[in-house]
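# Structural features, examined
Each chain is listed here by its residues.
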Amino acid sequence: MSQEKRIPQHVAIIMDGNGRWAELHGLQRHEGHAAGIEPIRASLRAAIRYGIGYLTFYAFSTENWGRPAQEVDALMELFCQCVIHETPELQRQGIRLRTIGDNTRFSEKVRSHLARAEEQTAAGDRLTFILALNYSSRDEITRATRQIAARAAAGALDPERIDEATLSAALDTAEYPDPDLVIRTSGEKRLSNFLLWQASYAELYFPQVLWPDFSEEEFDRAIAEYDRRDRRFGLVK
Ligand code: FPP
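Residues numbered from 1 in each chain as written. Predicted model: local features only at pLDDT ≥ 70, side-chain atom pairs only at ≥ 80, totals over all residues. Heavy atoms only, no water.

Moving on: the overall build of the protein chain. For the protein chain, the count of helices and strands is 8 helices and 6 strands. Along the protein chain, helices (α) and strands (β) appear in the sequence β-α-α-α-β-α-β-α-β-α-α-β-β-α when read from the amino end. Expected size for 237 residues packed as a compact globule is a radius of gyration near 18 Å; at 18 Å, the protein chain falls within 12% of this value. Within the protein chain, the proportion of its 237 residues that are buried is 47%. Residue pairs at least 24 apart in sequence account for 77% of intrachain contacts in the protein chain once pairs closer than 6 positions are excluded. Summing over all exposed atoms, the protein chain offers an accessible surface of approximately 12,500 Å²; the carbon and sulfur share of this is 49%. Averaging the coordinates of the 30 positive side-chain charges in the protein chain and doing the same for the 36 negative ones gives two points 1 Å apart. (Helix = DSSP H or I, 4+ residues; strand = E, 2+ residues; numbered from the N terminus. Rg over C-alpha atoms; globule rule 2.2 N^0.38 Å. Buried < 20%, exposed > 50% of the residue type's maximum accessible area, 1.4 Å probe, protein only. Contact = heavy atoms within 4.5 Å. Areas by Shrake-Rupley, 256 points an atom, 1.4 Å probe, with all protein chains shown as cover. Lys, Arg positive; Asp, Glu negative; His and termini not counted. Charge placed at Lys NZ, Arg CZ, Asp CG, Glu CD.)

In structure tokens:
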């Protein structure tokens with residue numbers, strides 16, 4: 001049997017616990033989100049070290065619009081500042097930035113900063129860094145279904161021929177492999193509308209650490225745990 005560590009090809013992360021971290025440190029919630037940038041950098045470094053091809057972060061859910069306006073505004077500003085400041089480093093590291101989710105609800109400013117960063121990093125071939133923004137699985141599947149139904153109604157698609165591949169290809173993640181490992185920090189054990197279709201066979205890992213304290217060593221622990229899991233995909237081994 002090979003002694004080589006099994007490495008996931010795609011890791012998806014639910015960054016949870018920023019608010020609790022801020023409270024613990026006597027800070028405002030938005031400061032907790034700002035402290036959540038360094039763990040993203042640490043995860044990108046670790047992913048490159050392992051040769052992981054895809055890293056997805058749940059940065060803003062469709063439900064997050066319901067948070068206080070001040071917090072939503074601070075998150076929007078953080079997305080803009082972050083893509084402006086980090087893009088040169090992403091380019092240097094060969095990291096390609098992409099987004100999933102319905103970006104039509106974002107301001108023109110946010111959309112243009114994201115589009116520019118995606119364009120400027122398009123040649124990155126070491127790692128695909130995917131931000132889920134205004135994302136939820138139910139919304140994604142609903143949009144995909146609408147698109148498939150429109151094609152069927154136009155006579156371009158025979159409903160009898162709709163299969164899993166048709167739906168996968170209509171999702172925002174069509175170009176990416178399914179996640180092998182989903183990490184949610186802060187000890188909460190939920191998927192919260194994140195990659196529900198794509199994570200059907202993913203290993204789930206729920207460390208206690210709050211997201212701002214997630215480090216390269218925490219990432220190493222997640223990979224070690226993944227290596228110990230016995231993935232059977234519904235088969236007998
Ligand atoms: C969940 O913690 C975290 C979020 C809703 C936001 C995550 C966003 C970032 C870390 C910023 C990312 C920026 C870029 C550019 C990707 P919570 O607020 O729900 O924490 P709590 O459960 O402790 O209140």
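Following the criterion strictly, the structure yields 13 aromatic pairs and no others. Ring plane angle 80° and centroid distance 6.0 Å describe the contact between tyrosine 58 and tyrosine 135, whose orientation is recorded as edge-to-face. With a gap of 77 residues between them, tyrosine 58 in strand S2 (residues 54-61) and tyrosine 135 in strand S4 (residues 127-135) connect regions that are remote in the sequence. Like tyrosine 58, the residue tyrosine 135 is buried in the burial classification. Grouped by ring-pair contacts, the aromatic residues Tyr50, Phe57, Phe129, Trp211, Phe214 and Phe219 constitute a single cluster. (Phe/Tyr/Trp six-rings, centres within 6.5 Å; stacked < 30°, edge-to-face > 60°.)

Following the criterion strictly, the structure yields 24 salt bridges and no others. Note that arginine 20 is salt-bridged to aspartate 16, the shortest N-O span being 3.3 Å. Arginine 20 sits in the partly exposed class, given a relative accessible area of 34%. Here aspartate 16 falls in the buried class, since its relative accessible area comes to 16%. Between glutamate 216 and arginine 45 there is a salt bridge whose closest N-O contact spans 2.8 Å. Placement of glutamate 216 in helix H8 (residues 216-228) and of arginine 45 in helix H3 (residues 37-50) is noted, with a sequence separation of 171 residues between them. Ionic contacts of the salt-bridge type, sharing partners, join the residues Glu38, Arg41, Arg45, Arg49, Glu86, Glu216 and Asp220 into one network. (Salt bridge = Lys/Arg side-chain N within 4 Å of Asp/Glu carboxyl O.)

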